[in-house]
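What follows is each chain in one-letter form.
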Amino acid sequence: QQKVQQSPESLSVPEGGMASLNCTSSDRNFQYFWWYRQHSGEGPKALMSIFSDGDKKEGRFTAHLNKASLHVSLHIRDSQPSDSALYFCAASAQYNQGKLIFGQGTKLSIKP
Amino acid sequence: DAGVTQTPRHEVAEKGQTIILKCEPVSGHNDLFWYRQTKIQGLELLSYFRSKSLMEDGGAFKDRFKAEMLNSSFSTLKIQPTEPKDSAVYLCASSFQTSSAETLYFGSGTRLTVL
């Protein structure tokens, strides 16, 4: 059973709009989270990490973590066509341990 | 700075063949990972090395998959014998373990097609 579940599977957002992606860990041992983004033909690239309850903002990207429910979300404001990509949520058992368990990804399309 | 380099970018194999995928991690990184990516399963961990020592060999992938790290700057993933269900993108990633958040750096992957 997948330990990290993402939703939705795919999402279409108009340019300039807000995109919201969700992720839940089913294993309480995995409570440190990352978001990675993968453009077609490339490997995933790290967007941001979040380890504490609450919000973390980096530019147009805001992550929110609720440790009690092991739910993390990613919100992208003012979405741009270049944000069209596959977004992965990943979780680890320790913040400085590289072994990550990935979700299945959310395909985000930004429509001009 | 050079990122993670994977070769070849594409590989086509006949069922039953042996194939070897190659990876050069970012210089100075001490963690190296092999992942397999498919649309259905997403990213699955195959192997994990720390300072060249094998830390995890991916459980279900032990049978026909063997990753090696002969030195700190080169790793291989051997699949023997290949099966059509092995068709996927194989990703190598490296990172440097520190006391703060550890980020993985991925290569562009090798797309394997097994006929």
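Residues numbered from 1 in each chain as written. Chains lettered and ligands numbered in written order. Predicted model: local features only at pLDDT ≥ 70, side-chain atom pairs only at ≥ 80, totals over all residues. Heavy atoms only, no water.

**Q** So, the interface of chain A and chain B: which residues are in play, and what are the values?
**A** On the side of chain B, 26 residues touch chain A, which itself brings 22 residues to the contact. Taken over both partners, the interface formed by chain A and chain B buries close to 1,700 Å², and the fraction arising from carbon and sulfur atoms is 51%. For the pair chain A and chain B, the interface holds one salt bridge. In this structure, B:E56 and A:K99 form a salt bridge, with 2.7 Å as the shortest nitrogen-oxygen distance. Summed over the shared surface of chain A and chain B, the result is six residue pairs in polar contact (both at pLDDT 80 or more). Listing elements by their share of the side of chain A that touches chain B, those giving two or more residues are β4 (32-38), β5 (45-50) and β9 (85-92) of chain A. It is β4(A) that contributes the most residues to the side of chain A that touches chain B, three residues altogether. In terms of residue class, the side of chain A that touches chain B is built from ten nonpolar, ten polar and two charged. (Contact = heavy atoms within 4.5 Å. Buried area = accessible area lost by both parts, 1.4 Å probe. Salt bridge = Lys/Arg side-chain N within 4 Å of Asp/Glu carboxyl O. Polar contact = N/O pair within 3.5 Å; in protein donor to acceptor, adjacent residues only side chain to side chain. Helix = DSSP H or I, 4+ residues; strand = E, 2+ residues; numbered from the N terminus. Nonpolar A, V, L, I, M, F, W, Y, C, P; charged D, E, K, R; others polar.)

**Q** How would you explain the layout of surface pockets if you had to name every residue and give the values?
**A** Approximately 840 Å³ is the volume found for the largest pocket. In terms of lining residues, the largest pocket is bounded by 28 residues, among which A:Q38, A:L86, B:Q37, B:T38 and B:K39 are the most central. Breaking the lining of the largest pocket down by element, the ones donating at least two residues are β1 (4-7) and β9 of chain A together with β4 (31-38), β9 (88-95) and β11 (110-114) of chain B. Residues of the lining of the largest pocket, tallied by class, amount to six nonpolar, 16 polar and six charged. (1 Å grid on protein atoms, 1.4 Å probe; cavity = no way out; pocket = protein on both sides within 12 Å on 5 of 7 lines; lining within 4 Å. Points joined across faces, edges and corners; volume = space filled by probe spheres on them.)

**Q** Residues and numbers for the state of the cysteines, please.
**A** Residues and elements named next belong to chain A. Applying the stated criterion across every chain yields a total of two disulfides over all chains. There is a disulfide in this structure between C23 and C89, and the S-S distance comes to 2.0 Å. On the sign convention where negative means left-handed, the S-S torsion of about -65° between C23 and C89 marks this disulfide as left-handed. Pair noted here: C23 is in strand β3 (residues 19-25) and C89 is in strand β9, with a separation of 66 residues, a long-range link. In this pair, the class of C23 matches that of C89, namely buried. (Disulfide = S-S within 2.5 Å. Buried < 20%, exposed > 50% of the residue type's maximum accessible area, 1.4 Å probe, protein only.)

**Q** Let's hear about the side chain of B:H29: which residues, and what values?
**A** Residue and element names in this part refer to chain B. Positionally, H29 belongs in the loop between β3 (19-24) and β4. Given the relative accessible area of 15%, H29 is considered buried. Not counting the four nearest positions on each side in its chain, H29 is found in contact with S94, S95, F96 and Y105.

**Q** Can you tell me about the pattern of salt bridges, naming the residues and giving the values?
**A** All names here are of chain B. Scanning all chains against the criterion turns up eleven salt bridges over all chains. The salt bridge involving R50 is made with D31; its shortest N-O contact spans 2.6 Å. Separated by 19 residues along the polypeptide, R50 in strand β5 (residues 42-50) and D31 in strand β4 bring together distant segments of the chain. Here R50 falls in the buried class, since its relative accessible area comes to 18%. D31 sits in the buried class, given a relative accessible area of 1%. Between R36 and E44 there is a salt bridge; the shortest N-O distance is 3.4 Å.

**Q** Residues and numbers for the packing of aromatic side chains, please.
**A** Scanning all chains against the criterion turns up eleven aromatic pairs over all chains. Here the aromatic rings of A:F102 and B:Y35 are separated by 5.3 Å at their centres, their planes lie at 85°, and the arrangement is edge-to-face. Taken as a pair, A:F102 in strand β10 (residues 101-102) and B:Y35 in strand β4 lie in two separate chains rather than in one. This pair shows no difference in class: A:F102 is buried, exactly as B:Y35 is. Every member of this aromatic cluster is reached through a ring pair, and the members are A:Y36, A:F88, A:F102, B:F33, B:Y35, B:Y48 and B:F106. A cation over a ring is seen here: A:K67 above A:Y32, with NZ or CZ 5.0 Å from the ring centre. (Phe/Tyr/Trp six-rings, centres within 6.5 Å; stacked < 30°, edge-to-face > 60°. Lys NZ or Arg CZ within 6 Å of the ring centre and 35° of its normal.)

**Q** Just give me the short version of the environment of A:H75, but keep the residues and values in it.
**A** All names here are of chain A. Tracing the backbone shows H75 in strand β8 (residues 71-76). The exposure class of H75 is partly exposed, given its relative accessible area of 26%. With near-sequence residues (within four places) excluded, H75 lies in contact with M18, A19, S20, R60, F61 and T62.

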